Each structure stands twice: as structure tokens, then as C-alpha cells.
Amino acid sequence: MKKFTVFSIVLIVLFAVLAMPVVAGGQQESEKKEVVLNWPCIWVGEDAKADAVADIVAEFNEKHAGEIKVEIEEMPSYDIYDKKILAQISGGQVPDIFTLKWNPDTKDFYSGDILVDFSDDLAGGWGNRFDSSIVNEVTIDGQTKVVPYEMAITPIWYNAELFAEAGFDGFPETYDEFWDACEALKANDVTPTSQMTGGANAWTSMLWYSHIMASVGGPDIWDKPLSDPAYVEGAEILKRLYSNGNTTKDAIGGGPAIPSGHYLAERTAVFCNGPWFIGNIRDNAPEVYESTELTSAPAAAGGDEDAQVGFIQTVLASGATDDPAKREAAVTFLQYMSEPENVKRISMDSGALMVPKFSFSASDEVDPLQKKFVEAQENASFVVSHMAGKFPASVVQEFGAALDQMALGKASPEEFVQMLEAANE
Amino acid sequence: MLVKNKNWKWIIIFMLPLAAMYITFFIYPFGFVFVSSLMKWNGISPMEFIGFQNYAKLFRATTLQISVRNNVIWALSLGFLQIGLATIIAFILARRPRFWKSLRTVYFIPKVISGVAIAMLWKAVYNAEYGALNAVLSLITGQEWSHNWLGEFATALPAIIAQEVMYIGYFMIIILAGVMSIPTSYYEAAEIDGASVWQQETLITLPVVWGIIVTAMTLAMAYGLRHFEATFLMTGGGPGHSTSTLALMMYDKIGARKLGQASTIGTILVIVGFIVIVTLNQTLGRKSLTGEDQ
């Protein structure tokens, strides 16, 4: 018994001696522990915002050296990014910082305790950096679980020089005039429009359809169900954009590089995209950049004029955590990202339109095309969201496949809309 | 009949790690996929049990029928066309014609190139506006070709399969290794008996390497059944779902946050794969060409 007691005491002492440095070290370590924030990021590689974002993150890390470190995980594909984030979240591993597209499906992320709720932080002054209406749009049941960051206006881009060579001083205001212009362009060996049915959502054509629907259905078009005849009327115009050589042959099945590539090479005269493409066109096709003008889509017969398509493009979010230090670090970083000076740098570098407020000074060399985006927004009679911002991903995914069938003559405009309706069930 | 073995404890001990890995990395994930196929789940909110509703919904969708059909076409194309080609080339190279070693390397090189790069290369070749295939056809026929190979219903699937089938290097090497291990004395004896080259190949080489060919066919068909990469990169399943496969459909369902339906497709994929592979082994794998049980 005595032997056992002595042995036990020796064991306890030994354990205490061995554990002491570990515990002490652990305390020291926790005092000095650097919070590391993982950010799977799409603004990398060739993305127009990549350089500015990399610089801002580097500066943040330097400013908070030893306290907070943001580590960017490069994710250059937009399509794969969404799926990666979802896979991580469904596996219970929500990234510390990540971006989301703002659409009806994004609201699913508000359920449960997946994301940090920024409502208190925004109420504490940070919210003054944003337009209150936009903050309200991303606030659901009093919770603001995302930081609205990038917005978009996606007007019609056209090559004014190619139009002038075809005998048109400006962009047609109605579709009747537009079809005439298409014939004139084709006579000059220029394909009128850039389109695509591939990619995750047939982006360029989806934007075109959104423009058409804005004119056909008015400001509240997306409040109408898909059974509304306006959708078929819009589909008839979209079908014609794919007929009679009004777009390139590789538009069917084409991914994002197809419409942009043709426009940059002056093989097409009309394109549709957001301001993030400014950097690309400026760097890769300076002559086209000089010739590019922005406008609204032609008005459908009896439809609204000068409508534009605009939406909150990207929001920033942070995975919920039990660690207050990590939460604080995430908020600190997101506040840094939304500082007017940093937002301005990203905007000026890439041409993107940003949600956090900032102003250009007289000495700032604002990109002329970026100014045209602002003007296009200001001149719009009204702005509607793009289709992908108002319908679930299942409908948006089906859009490209249904468009394939309509463009190849396998489906009528009515059947095209029926396919979208089926995907919406 | 169970065979009694005095080392049964050791057998169990040595098999345990593999069994544990199999359970962890196949049985458990498949069980999870099957269970989640009975759920309504968006990957974010908790799962909700809905029985076989996902199956009922998917079986009504034409996209599933197209995808299953395409997967079977893929499996048969790779299993018979690709392995058939690989076998013919292996038999030819085994005869050691001039430059056979260089040719062997040339055939194998595409296998070490990224599938993504190859798919992008072929996408450019098939492009309707500036593709090399249309240019070559225009040159040969003297007529202007601007066919959208990947954007037309009739040609999209054959175009993707064709570019995959021709990469025979991997299976050709496996079959070639088998052919070259056949003792030359077999052929010398056959020649003395007056057998032609055709007879030597069909009556000696083919029966001896038949087991290897069936294994290669099984592997190729298994790849065909889970095919994703080239279709995803070249057509994304289009035009109008005509080139969709089960794996691609599953990927799309994940993108639409319908993870329950994605799991349903995963379950169907496993079942279809099981049926095809078992059928192959039952029909081709049980007997050798010499009539002996394998």
C-alpha cells in the first residue's frame, strides 16, 4: 500500500513537472497567438481585381502582423468557387472569409448559425459606409449576415466604329431598327451580337434576356410568374438574336471566352457584360476599348425604353465561430476591405462598381468607360435585376440548355419558357 | 465451403486495415449517399426525410434518361472501341516493326498530359468559327465548312467520345506487356505448323491475353460510367442536355443546391455501374477463349 502511495505521488509530481512548461507555453502562446483567416478567393490570377486585392491583403497583414493574418486560397474559377464553398459548408467547414453571389439561393445561408451576423457591427458606424437601401436588401429578419461589396450595371456594349461603318450613328432604339442594323453589319462581314449558351448560366445571353424582359415586362417583370406571356414574347426576341447569322455559330455551347473573344477581336459589334470587364478590354483590345459605347437595349414593340440591368453582384461573408478573437479579426478585416480608400483602389484598378461609398477626387484618373457605366445607370428609366438574381439556380442552370434547344429549332419560345417553369418547380 | 486455416487470426489482423479503409472510404460514404438520397437537403439547412420522392422526380426527368443512355454509350465506346484499338495496336507493336519503341512512347504520351489541356485543345479543334477540323475539311473538300461540332445535337456526343477513344496509350501498354510476355516458342511452333499471322494472333495471342483485355475493358467501362471531365469542359452537357452524363448531372444538382437529388443520382450511378460491370464479367470474363474456367 505504502509502495503504491509513493509511486502515485512520484507519478503525480512527474506529471506536474512535465506538464508545467506545456501549460505555461500554451498560455504564452494563447496570449501571442496570431489569428489566421482563410479566404478562398476568386479575385486572383487574371481577375481584374486580383492585383488590388492582393495589395490590400498584404498591407492588412503587415499592419496587423502577429495579430491577424489573412491567407488567400486561390480559386480562379467562378463556377467551381460556388460549388467549393457549398461543399465546405455542407461539410461543416465554413471558410473564415468568402464571397457569395447575391441571389435567392444566397438567403439559404441565413438559416442556422453558419455566418457571422454583422448587424450590430454595421449599426456601430460601419454601416455609414453603405447605402442604407442596399444594407436593407441584404438584411433578413433583422440579421445582416453578408457585407454587400460589388454591384453591377450590365448595359449593352457596342462598337460605335463598326456601327458607323455600317451607316448607323448611334445604337438603334427599337428592335425593328436593331434588326436593320444587324443586316447592315452582316453586309460588312461583321456578326452583329456576341452570345453564349454555355457556362453555368449562359451569362451573356441571360443578361440579354434580362434586358429584353425589362423592356417587355417593365420594372416589376421578375415579380410576374413564368406563366406570364411576357416571357414568351421576350423569348421570341432572344430566338431571333440566334437566327439568321445574328450571332456567331460557336455561341451555342460557347463559354464566357466566346462572346468576349469575338467582341475583342471585332468579329462582333454588340456585347453585354459588367464593369469588371473594363480592365480586360482596356489591356487586350485598346482599339475596341476606344470604340466602345454603352447603352440600353432596344425597346420591344410597345415596351419600356431605356431600362437597365443592375444588381448586387458580390457580397462578403464570414463563417460563424465560437472564438471571439476570430470573429473580431474577421470583422476588422472586412471593415478594412470596405474602407473608402481600399474600395476606390479596387474600383479604379478594375473598373468594378462597388457598394461601399467612396468618392473620386479631381486628380483621380477615372477610366472613361467606367464613367460611361455610371452615366448608363443615371440615364436609365429604371433598373431591374438580372434573371440570375431573381430565380433559383435550378432555373438559371436550365436557361442555357433551354436556349440551346430554342436556338437549334428543337423548341419553340413557348417550350423554352415551359422548360424554365419545369426547372422552377 | 469455408477452409479452416490455423493462421486465421493473422489473416484477420492483416485484413483489418484494408477492411477498415474499405468501410471508411466506400461503405460509409455510399451509405451516407444513399441515406441523403432519401432527404430534401440544400447542404445548409438540416436534412428532411422525404422517402423516395427524389427518385420519383428524377425518373420523370428526361435528363436522367439521356444521362443514363450517354453513360452506357460512353462505357461501350471505351470498353469496345478504345480497348479494341488498343489491342490491335498492341498486337502490331508486339511484332516489333520499325520504330516500335518510339511509337509505343508516342501512343503513351497523351496519358501524361492533363485531361483538361487535352479537352481544351479539342474544343479549339472543333470550334465552328476557327476550328482546325473545319479548316482541314474545307481544304479537302474545297467547300466552306463551319459546322459547330460541339453545338449540334447530331455531332456533340460523337465528337467528345471520338477524342477520348483515340487516346489508347494506357491500355495499349498494359496489353502490350501481356503480349510480349508470351514465350516466342509458341509462335515458332505455330509457324512450323504453317499458321498464318492472323491465326497466330487469334489462336495464340488473343486467348492468352484475354484476361488482361477483359480487365482493361472493365477499367475502361468503369471510367465511361463515371465520365465527367471532357464533357464538362467541352460542352457542359449541352446542347440541351444531349451530352449530359450522370456525373455531370450530379454536379449540376450540387450547383443548384439540391444535394438530396445529387445523392440520388450518385446512388443510381453506383447501381448502373454495378449492373454493367457484373454483366461484362459474366459474359466475357468467366471463360477464357481456350474454354477453360478463369
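The rules behind each value
- Residues numbered from 1 in each chain as written.
- Chains lettered and ligands numbered in written order.
- Predicted model: local features only at pLDDT ≥ 70, side-chain atom pairs only at ≥ 80, totals over all residues.
- Heavy atoms only, no water.
- Axes fitted to C-alpha atoms, helices over the stretch in contact; angles between N-to-C directions.
- Helix = DSSP H or I, 4+ residues; strand = E, 2+ residues; numbered from the N terminus.
- Left-handed = near helix turned anticlockwise from the far one by under 90°.
- Contact = heavy atoms within 4.5 Å.
- Phe/Tyr/Trp six-rings, centres within 6.5 Å; stacked < 30°, edge-to-face > 60°.
- Buried < 20%, exposed > 50% of the residue type's maximum accessible area, 1.4 Å probe, protein only.
- Patch = residues over 30% accessible without salt bridge, like charges linked within 9 Å, V, L, I, M, F, W, Y side chains within 5 Å.
- Areas by Shrake-Rupley, 256 points an atom, 1.4 Å probe, with all protein chains shown as cover.
- Salt bridge = Lys/Arg side-chain N within 4 Å of Asp/Glu carboxyl O.
- Polar contact = N/O pair within 3.5 Å; in protein donor to acceptor, adjacent residues only side chain to side chain.

Caption draft 1: Quick look at the packing of helix H9 (residues 229-241) of chain A against helix H17 (residues 413-423) of chain A. Residue and element names in this part refer to chain A. At a minimum axis separation of 8 Å, H9 and H17 run at an interaxial angle of 115°. Remark: the crossing between H9 and H17 carries right-handed chirality. Here H9 contributes Tyr-231, Val-232, Ala-235, Glu-236, Leu-238 and Lys-239 to the contact with H17, which in turn contributes Pro-413, Glu-414, Phe-416 and Val-417.

Caption draft 2: Spatial organisation of the packing of aromatic side chains. Residue and element names in this part refer to chain A. Under the counting rule described, the total for this entry stands at 42 aromatic pairs over all chains. Taking the centre distance of 6.3 Å and the plane angle of 70° together, the rings of Trp-102 and Tyr-110 count as edge-to-face. On the basis of relative accessibility, which here comes to 7%, the residue Tyr-110 falls in the buried class. When the ring of Trp-203 is compared with that of Trp-276, the centres are 6.1 Å apart and the planes differ by 50°; the resulting orientation is tilted. With a gap of 73 residues between them, Trp-203 in helix H8 (residues 203-217) and Trp-276 in the loop between strand E9 (268-272) and helix H11 (278-284) connect regions that are remote in the sequence.

Caption draft 3: Inspection of a nonpolar patch on the surface at higher detail. Residues and elements named next belong to chain B. Taken together, the side chains of Tyr-22, Ile-23, Phe-26, Ile-27 and Val-270 make up a nonpolar region of the molecular surface, amounting to roughly 450 Å² of accessible area. Element by element, the count of residues in the nonpolar patch is highest for helix H1 (residues 8-36), at 4 residues. Structurally, the position occupied by Ile-27 is in helix H1.

Caption draft 4: The arrangement of the side chain of A:Asn61 in detail. All names here are of chain A. Summarising the element assignment, Asn-61 is placed in helix H2 (residues 50-63). In this structure Asn-61 comes out as buried when scored by relative accessible area, which is 17%. From its side chain, Asn-61 meets the backbone nitrogen of Val-70 in a polar contact 2.7 Å long. In contact with Asn-61, other than residues within four places in its own chain, are Ile-68, Lys-69 and Val-70.

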